[in-house]
Amino acid sequence: FLVGGDIQPIAIDYAYASQVAYKSLDTAQDQLDLWFGVKNAAVYNETAVETFKKERGFLGSRLVYRLVEFPSVPGFAVIVVRGTKNAFDFLTDIQIYGAAALLQLVRFLLPAGDAWTPILHRVASFMNILENSSLTNVTPYRETTEFIKYLKEQGRYKQLHITGHSLGGGIAMISGAQTETPAIAISGPNLLLSRLTFQPPVSEEAVNIFTLNYIPRRDIVPMIDDRGDLVQKIQCNTGVNNPFGCHLGGRTVCQLMHDCGSGDRSIPCFCVEDYGFPEPTPRPGTNRTYAEACIEQVPLSVG
């Protein structure tokens, strides 16, 4: 997120932060320190999250999200939303995106199915009317949307972003579009077909302006729902017989570093050891091998 003291978001920072969200808070802070190479360059503000939950009635929520601040850049923060990790999260996926996935299947099966695309978002909205109101009240994006509004009301941040992987990325894009906040998703399900099912509904213009989705090749999850205008396709180094491997956030971090460069970030050892990427080229003056560095240092990890 930080380059030369300026606010210049880097794709690999969002990708890594979205993975650290799966970890416990203590471990996550250590991983951020390792990632940025400086202790407390990025810090979690759990007080703000807990205060919000108490004041706005979300104490019983199962949704996991964190607020990351950067002491050297006052006024800039990133909300990181955890993706699917358990059965509850999986049911949430179905609740939010089930109608869109079903309509995509119907469109695929119908002759000239693409001709129905201009009205499918309205069909999805009609299907949503049949949903039980008690389910609507627990939709997780309501909480992140309210959190963004809460932070903006305080006026503490001049620039606020939201990010997440998988379900976390989908929730980030919904809340980002609802609040006109830049949202960066990593392998997130999309929202054009579902946009009228959300409360409040989301406009196509808001989706196209405020949401960006990084989509690995052959990743199944970002095939759900129709995409907005801002999409960045990236490669995936797994075989064609392993599409679920393309959804792994750690692999996406490594793929982005391999294809786009690592900047001043260290290449995580898991890129070579777990995902089969080539060892990075050492910088001039380096007096040890990459393998030696991985043994000597506390390793970066994801998920």
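Structure shown above.
As a convention, each chain's residues are numbered from 1 in the sequence order in which they are written. Selection of residues for local features in this predicted model requires a pLDDT of at least 70, selection of side-chain atom pairs for listing and counting requires 80 or more, and totals for whole chains, interfaces and linings are taken over all residues. With hydrogens and water set aside, each side-chain value is computed from the structure's full complement of heavy atoms.

Draft legend 1. Representation of empty space enclosed by the protein. With a 1 Å grid laid over protein atoms only, a set of points is called a cavity when a 1.4 Å probe fits there but cannot get out and a pocket when it is open yet has protein on both sides within 12 Å along at least five of seven lines; lining residues have an atom within 4 Å of a point. Grid points are joined across faces, edges and corners, and a volume is the space filled by probe spheres set on the points. For the structure on display, the rule yields one cavity of 30 Å³ or more. Reported here for the largest cavity is a volume of approximately 40 Å³. What lines the largest cavity is simply Met173, Asn190, Leu191, Val207, Thr211, Asn213, Arg227, Gly228, Asp229, Leu230 and Val231. Class assignment for the residues of the lining of the largest cavity results in five nonpolar, four polar and two charged. Residue polarity follows a fixed list, in which Ala, Val, Leu, Ile, Met, Phe, Trp, Tyr, Cys and Pro are nonpolar, Asp, Glu, Lys and Arg are charged, and the others, Gly among them, are polar.

Draft legend 2. View of the sheet that holds strand β4 (residues 65-69). Strand order in the open sheet formed by seven strands is β3-β4-β5-β6-β7-β8-β9, and the pairing between neighbours is mixed. Two strands in the sheet have a free side with no partner beyond their single neighbour: β3 (43-44) and β9 (231-234). Here β3 pairs with β4 via two bridges, running antiparallel. When the sheet's bridge partners are listed, Tyr44 is paired in β4 with Val68. We call two residues in contact when some of their heavy atoms are within 4.5 Å. Every angle, taken between N-to-C directions, lies between 0 and 180 degrees, and every axis is a line fitted to C-alpha atoms, over only the stretch in contact when it is a helix. Elements are defined by DSSP. Helices are runs of H or I of four residues or more, strands are runs of E of two residues or more, and each kind is numbered from the N terminus. Across the face of the sheet, helix α7 (residues 141-154) comes into contact with β4, β5 (76-81) and β6 (159-165) while running at roughly 30° to β4. Criterion used throughout: strands pair if DSSP finds at least two bridges between them.

Draft legend 3. Structural detail: the packing of aromatic side chains. Any Phe, Tyr or Trp ring, taking Trp's six-membered ring, that has another such ring centre within 6.5 Å forms a pair; planes under 30 degrees apart are called stacked, those over 60 apart edge-to-face, and the others tilted. Taken as a whole and judged by the stated rule, the model has 10 aromatic pairs. A ring pair is formed by Tyr141 and Phe198, whose centres lie 5.3 Å apart and whose planes are at 70°; its orientation type is edge-to-face. Of the two residues, Tyr141 is situated in helix α7 and Phe198 in the loop between β7 (183-186) and α9 (204-210); the sequence distance between them amounts to 57 residues. The cut-offs for exposure are 20% and 50% of the maximum accessible area for each residue type, with area from a 1.4 Å probe on protein chains only; residues under the lower value are buried, those over the upper are exposed, and the others partly exposed. Using a relative accessible area of 1% as the deciding quantity, one classes Phe198 as buried. The rings of Phe52, Phe58, Tyr65, Phe147 and Tyr150 are connected pair by pair, giving a single aromatic cluster. Throughout this description, the term charge over a ring refers to an Arg CZ or Lys NZ atom that lies within 6 Å of the ring centre and within 35 degrees of the ring normal. The ring of Tyr44 carries Arg66 above its face, with NZ or CZ at 5.6 Å from the centroid.

Draft legend 4. Main features of unusual backbone geometry. For the bond from Gln199 to Pro200, the omega torsion is 0°, close enough to zero to count as cis. You can see Pro200 is positioned in the loop between β7 and α9. A positive phi is found at Ala112, a non-glycine position, where the angle reads about 50°. Tracing the sequence through the fold places Ala112 in the loop between α4 (87-109) and α5 (117-129). Classification of Ala112 as exposed rests on a relative accessible area of 62%. In this structure, Ser187 takes a positive phi of about 60° despite not being glycine. For Ser187, a relative accessible area of 0% puts it in the buried group.

Draft legend 5. Just a nonpolar patch on the surface, in detail. Patch membership is restricted to residues that have no salt bridge and whose relative accessible area is over 30%. Joining uses 9 Å for like charges and 5 Å for the nonpolar side chains Val, Leu, Ile, Met, Phe, Trp and Tyr. Where accessible areas are quoted, they stem from the Shrake-Rupley method and a 1.4 Å probe; at the residue level, only the protein chains shown are allowed to cover. Here, a salt bridge means any side-chain nitrogen of Lys or Arg that lies within 4 Å of a carboxyl oxygen of Asp or Glu. Taken together, the side chains of Leu102, Leu105, Val106, Phe108, Leu109, Leu110, Trp116 and Ile119 present a nonpolar region at the surface, about 810 Å² in accessible area. Checked against the element boundaries, Val106 lands in helix α4. A relative accessible area of 37% means that Val106 is categorised as partly exposed.

Draft legend 6. Here's a closer look at the nonpolar core. In this description, a nonpolar core means a group of buried Ala, Val, Leu, Ile, Met, Phe, Trp, Tyr and Cys residues linked to one another through side-chain atoms lying within 4.5 Å. Core analysis: the biggest nonpolar cluster contains 34 residues, and Tyr65, Leu67, Ile79, Phe147, Leu151 and Leu160 have the highest contact counts within it. When residues in this core are grouped by element, the largest group, six residues, is from helix α8 (residues 167-179). Beyond its immediate chain neighbours, meaning those up to four positions away, Leu67 contacts Val43, Tyr44, Asn45, Ala48, Val49, Ala77, Val78, Ile79, Phe147, Leu151, Tyr157 and Leu160. Of all hydrophobic cores here, the second largest spans 28 residues; its members include Tyr16, Phe36, Phe76 and Ile234.

Draft legend 7. Focus on the pairing of strand β8 (residues 211-216). Of all six residues that make up β8, five are buried, and the element is covered over most of its length. Sheet topology places β7 next to β8; four bridges connect them, and they run parallel. Within β8, the residue paired with Ile184 across the bridge is Leu212. As defined by bridge partners, β8 adjoins β9 across four bridges and the pair is classed as parallel. The partner of Ile215 across the bridge, within β9, is Lys233.

Draft legend 8. Region of interest: the pattern of salt bridges. Going through the model one piece at a time under the given rule, you end up with eight salt bridges. Note that Glu69 is salt-bridged to Arg156, the shortest N-O span being 3.4 Å. Here the residue Glu69 occupies a position in strand β4, and Arg156 occupies one in the loop between α7 and β6, the gap between them amounting to 87 residues. Accessibility expressed as a relative area gives 48% for Arg156, which makes it partly exposed. Residue Glu146 is joined to Lys149 by a salt bridge in which the shortest nitrogen-to-oxygen separation is 3.9 Å. With Glu146 and Lys149 both in helix α7, this residue pair falls three residues apart, about one helical turn. Accessibility expressed as a relative area gives 34% for Lys149, which makes it partly exposed. A single network of salt bridges, built from pairs that share partners, joins Arg56, Glu146, Lys149 and Glu153.

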